[in-house]
Amino acid sequence: MAEAAEPGPRRLWIRDPRAILAEGAGGGIVVAGTRIVECVAAGAKPAGPVDETFDASRHVVIPGLINTHHHAFQTLTRAHPLAINKPLFPWLKALYTVWGRITPEAFRLATRVALTELLLSGCTTAGDHHYLFPKGLEESVDIQVAEARDLGIRAAITRGSMSLSDREGGLPPESLTQDDDTILADCERVLNLFHDPAPGATVQIGLAPCSPFAVTQRLMRESAELAARHGCRLHTHLGETLDEDSYCQSMFGCRPVDYLEEVGWLNDRVWLAHGIHFNDAEVARLGKAGVGICHCPTSNMTLASGRCRTCELEAAGSPVGLGVDGSASNDSSNLMEGVRHALMINRLTYGAEAVTHRDVLRWATEGSAACLGRSDIGRIEPGREADLALFTLEELRFSGAHDPLAALVLCGATRADRVMVAGRWRVIDGQPLGVDTGMLREAHSRLALDLFGGA
Ligand SMILES: [Zn+2]
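Residues numbered from 1 in each chain as written. Predicted model: local features only at pLDDT ≥ 70, side-chain atom pairs only at ≥ 80, totals over all residues. Heavy atoms only, no water.

1. Thoughts on the pairing of strand β16 (residues 418–421)
1) Next: Burial of β16 is two-sided: the residues R418 and M420 facing one way and the residues V419 and V421 facing the other way are all buried.
2) Next: As paired strands, strand β15 (residues 388–392) and β16 are joined by three bridges and run antiparallel to one another. Bridge pairing in β16 links L388 to M420.
3) Next: In this structure, β16 lies alongside strand β17 (residues 424–428), joined through three bridges in antiparallel fashion. Paired with M420 across the two strands is W425, which belongs to β17.
4) Next: Adjacent in sequence and paired antiparallel, β16 and β17 are bridged by two residues, among which A422 carries a positive phi angle near 50 degrees. (Buried < 20%, exposed > 50% of the residue type's maximum accessible area, 1.4 Å probe, protein only. Helix = DSSP H or I, 4+ residues; strand = E, 2+ residues; numbered from the N terminus. Pairing = 2+ DSSP bridges.)

2. Regarding the coordination of the zinc ion
1) Next: Coordination sphere of the zinc ion, protein contribution only: H69 (NE2), H71 (NE2), H237 (NE2) and D325 (OD), at 2.1 to 2.4 Å.
2) Next: For the zinc ion, the four donor atoms in the first shell make angles of 87 to 169 degrees at the metal, so the coordination geometry reads as irregular. (Donors = N, O, S within 2.8 Å, 3.2 Å for Na, K, Ca; no water. Tetrahedral: all angles 85-135°; square planar, octahedral: opposite > 155°, others 65-115°.)

3. Some words on the domain arrangement of the protein
Interface size is commonly expressed as the accessible surface area that is lost when the partners come together.
1) Next: Here the protein is partitioned into domain 1 (11–63 + 381–432) and domain 2 (65–371).
2) Next: The C-alpha centroid of domain 2 is placed 29 Å from the C-alpha centroid of domain 1.
3) Next: Facing 30 residues of domain 1, the contacting portion of domain 2 comprises 25 residues.
4) Next: Taking both sides of the interface into account, the surface hidden between domain 1 and domain 2 amounts to around 2100 Å²; carbon and sulfur atoms contribute 67%.
5) Next: The interface formed by domain 1 and domain 2 holds two salt bridges in total.
6) Next: Summed over the shared surface of domain 1 and domain 2, the number is seven residue pairs in polar contact (both at pLDDT 80 or more).
7) Next: If you list the elements that add at least two residues to the side of domain 1 that touches domain 2, you get β6 (59–63), β15, α13 (404–412), β16, β17 and β18 (431–432).
8) Next: Top contributing element to the side of domain 1 that touches domain 2 by residue count: α13, with seven residues. (Domains from an automatic or database assignment. Contact = heavy atoms within 4.5 Å. Buried area = accessible area lost by both parts, 1.4 Å probe. Salt bridge = Lys/Arg side-chain N within 4 Å of Asp/Glu carboxyl O. Polar contact = N/O pair within 3.5 Å; in protein donor to acceptor, adjacent residues only side chain to side chain.)

See below:
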């Protein structure tokens, strides 16, 4: 097992990168403690003395990617025969029946697998939307926070919820739901325990009813009030499929965005997963309110859910970020792959000149940071946290590539060589520090088979 990294030196110069996604940093950057303190112009030297130098001449350096939507537990049911080749609602109903069997140990390993995959793909801030709290998994958020801290990845964990079972017009079975009081008490508990609203925070908690149609109206309203009291973010699934529109119409007699407004969720504390099926007026309303949209291209293509109106939403004022979405609808947790998929599906929608590699990298970094309400991560510039992903272009797939930044996206980089979170290396030579990936895969896949192999 590799040893955990020592704290970084006082001033580290990451010098002369092959390419870097930052203004005026051709000569690299200086990191001190957890932050970037200087961008060095090409051919120049840092203004002050440095304690250590890292030669980045083999590396393309980008801000660490930020994942704004995932369900780590779903790594246990990837490519499951019950669910493959189905659209969202039948896919969900098939999987609900098996997800109730997840044990705390399986959930811990599932979280570890998802976070490690993300980290290896160049992700430095991992969002997870966990909404399954069956008997025995009541302390899921605690498990996720412990795993993120152990791996050293920055985390935005959202406490999900489902309180409307199929008996009350919802989708999930009763065994997967909790009552509103239990949910609200646990939201308050985990906010008090783990949420750090300060700049540089390594763990933040958000509140995230699974969808507005999986919980009561009271829970939507009280979640919003609780989030305002604690200064945390609000998240949910919305506008993922056309089925959802008709479901909302029959249940509430309105469209999803109208319902969102009615329960006090049309504001800039909120970011939504997917956000596909909005009409022009709804795009304008969401943009005006500053509601963020997490675009999940891989999942949207896998479930054939539709195409997010990313460019219109961004132009209207909504931050647009990226997410891998759960590993049963993706079925991987590779955010760099998601960046490439975002380029492709959006070019199909808007044309080859309208969406560039820089646009999709911006969504995965600055855009995602804005969805999480953070201005301390997402860009390489002095004062921001030192969250970085460094890729080499040494695989055969990059041979003959000219523009190094474009090559990352167009040739399909999937694995970072080095990853730094808050000034500390967490991936070196493509390996996560402190994780034996072979042992992890063996333990996780054994449990997945034991729990879900028989369907
Ligand atoms: Zn999702």
